[in-house]
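As a plain string of letters, each chain reads:
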Amino acid sequence: GAGVSQSPSNKVTEKGKDVELRCDPISGHTALYWYRQSLGQGLEFLIYFQGNSAPDKSGLPSDRFSAERTGGSVSTLTIQRTQQEDSAVYLCASSFGGKTEAFFGQGTRLTVV
Amino acid sequence: KQEVTQIPAALSVPEGENLVLNCSFTDSAIYNLQWFRQDPGKGLTSLLLIQSSQREQTSGRLNASLDKSSGRSTLYIAASQPGDSATYLCAVGVMISSGSARQLTFGSGTQLTVLP
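### A closer look at the nonpolar core
One finds Y33(A), Y35(A), F104(A), W35(B), L75(B) and F106(B) to be the most contacted residues of the largest nonpolar core, which totals 44 residues. Not counting the four nearest positions on each side in its chain, L75(B) is found in contact with L19(B), V20(B), L21(B), W35(B), L47(B), L48(B), L62(B), N63(B), A64(B) and Y88(B). Counting residues in hydrophobic clusters, the runner-up holds 21 residues, among them I26(A), L32(A), A67(A) and I79(A).

Structural data, given as structure tokens:
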């Protein structure tokens, strides 16, 4: 596709369930970022991938959060045993190399009820 | 730890006015700075990217400047239009984890309203 694609666009889940969020970066982009934006809040950095590698996972809020990237392309962010405080918009961005322009997807709005 | 501040938090101007949005950052060790706009309920749209070696970038009615040594950037919007109403975010690119990873650190944004 022409841009960064995220799915689903909206997800409502029950507290305690696991969810998987998907990000398809722009073709050829080696760098990929995940962010979280809670209601009325700024963007919170979660994790960065260069290729399939995530050198620093300290931005993930808890051990319930994990992320992987395969084939240097698609990335999934998994949240286990979701809590109400996980409700937020999860944004993914990609860039062609780390210093170039980053492009964001439209986000996944996660609501935990 | 890098901190990014945007002033003002909100701005309301009449259509046609020229305006300046400000962004400051605490650590000058950045590799680039990017301005985005975010419309309500939407993702981020990239406006301008300035590499650390550059002083400014222009796109249409937008001009962004960067003074890395003083930790400041401005986004100038000429002849504002109601369609410019959005939240404007600046983000600085920084290396983390002893240079093994990258991060865009965002300010909290300026909410712009252009009145017809």
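Back to the text.
### Remarks on the sheet that holds strand 1 (residues 5–7) of chain A
All names here are of chain A. Strands sit in the order 1-3-7-6 across an open sheet of 4 strands; the sheet is antiparallel. If you trace the sheet from one side to the other, it starts and ends with strand 1 and strand 6 (65–69), each paired once. The sheet shows a mean angle of 15° between the axes of neighbouring strands, taken without regard to direction.

### What about the pattern of salt bridges?
All names here are of chain A. This structure, assessed with the given rule, holds 5 salt bridges over all chains. In this structure, the salt-bridge partner of D24 is R22, at a minimum N-O distance of 2.8 Å. Note on R22: relative accessible area 36%, which makes it partly exposed. One salt bridge in this structure joins E44 and R36, with 3.0 Å as the shortest N-O distance. The exposure class of R36 is buried, given its relative accessible area of 10%.

### A word on the side chain of R64(A)
Residues and elements named next belong to chain A. Examined against the element boundaries, R64 turns out to sit in the loop between strand 5 (43–50) and strand 6. Accessibility expressed as a relative area gives 12% for R64, which makes it buried. Within polar-contact distance, the side chain of R64 engages the side chain of D86 at 2.8 Å. Discounting chain neighbours no more than four positions away, the residues touching R64 are T78, I79, Q80, R81, T82, Q83 and D86.

### Quick notes on the environment of Q51(B)
All names here are of chain B. Here Q51 shows up in strand 5 (residues 44–51). On the basis of relative accessible area, Q51 is assigned to the partly exposed category, the value being 23%. Separated by 17 residues in the primary sequence, Q51 and Q34 have C-alpha atoms spaced 8.5 Å apart.

### Digging into the interface of chain B and chain A
In this complex, chain B contributes 21 residues to the contact, which on the side of chain A involves 18 residues. Carbon and sulfur atoms make up 57% of the area that chain B and chain A hide from each other, which totals about 1,700 Å². Considering only the side of chain B, the residues that lose the most area to chain A are L44(B), R102(B) and L104(B), jointly responsible for 29% of the buried surface there. The interface formed by chain B and chain A contains 0 salt bridges. Put simply, chain B and chain A have 5 residue pairs in polar contact (both at pLDDT 80 or more) between them. Of all the elements in the fold, those that place two or more residues in the side of chain B that touches chain A are strand 4 (32–38), strand 5, strand 9 (86–96) and strand 10 (101–106) of chain B. Across the side of chain B that touches chain A, the residue classes tally to 9 nonpolar, 10 polar and 2 charged.

### So, the sheet that holds strand 8 (residues 72–77) of chain B
Residue and element names in this part refer to chain B. Spatially, 1-3-8-7-6 is the arrangement adopted by the 5 strands of the open sheet, whose pairing is antiparallel. Of all the strands in the sheet, the pair left with one neighbour each is strand 1 (4–7) and strand 6 (56–59). The sheet shows a mean angle of 15° between the axes of neighbouring strands, direction not considered. In this structure, strand 6 lies alongside strand 7 (residues 62–67), joined through 4 bridges in antiparallel fashion. By the bridge assignment, Q57 is partnered in strand 7 with A64.

Cut-offs and rules
- Residues numbered from 1 in each chain as written.
- Chains lettered and ligands numbered in written order.
- Predicted model: local features only at pLDDT ≥ 70, side-chain atom pairs only at ≥ 80, totals over all residues.
- Heavy atoms only, no water.
- Core = buried A, V, L, I, M, F, W, Y, C linked by side-chain atoms within 4.5 Å.
- Buried < 20%, exposed > 50% of the residue type's maximum accessible area, 1.4 Å probe, protein only.
- Contact = heavy atoms within 4.5 Å.
- Pairing = 2+ DSSP bridges.
- Helix = DSSP H or I, 4+ residues; strand = E, 2+ residues; numbered from the N terminus.
- Axes fitted to C-alpha atoms, helices over the stretch in contact; angles between N-to-C directions.
- Salt bridge = Lys/Arg side-chain N within 4 Å of Asp/Glu carboxyl O.
- Polar contact = N/O pair within 3.5 Å; in protein donor to acceptor, adjacent residues only side chain to side chain.
- Buried area = accessible area lost by both parts, 1.4 Å probe.
- Nonpolar A, V, L, I, M, F, W, Y, C, P; charged D, E, K, R; others polar.

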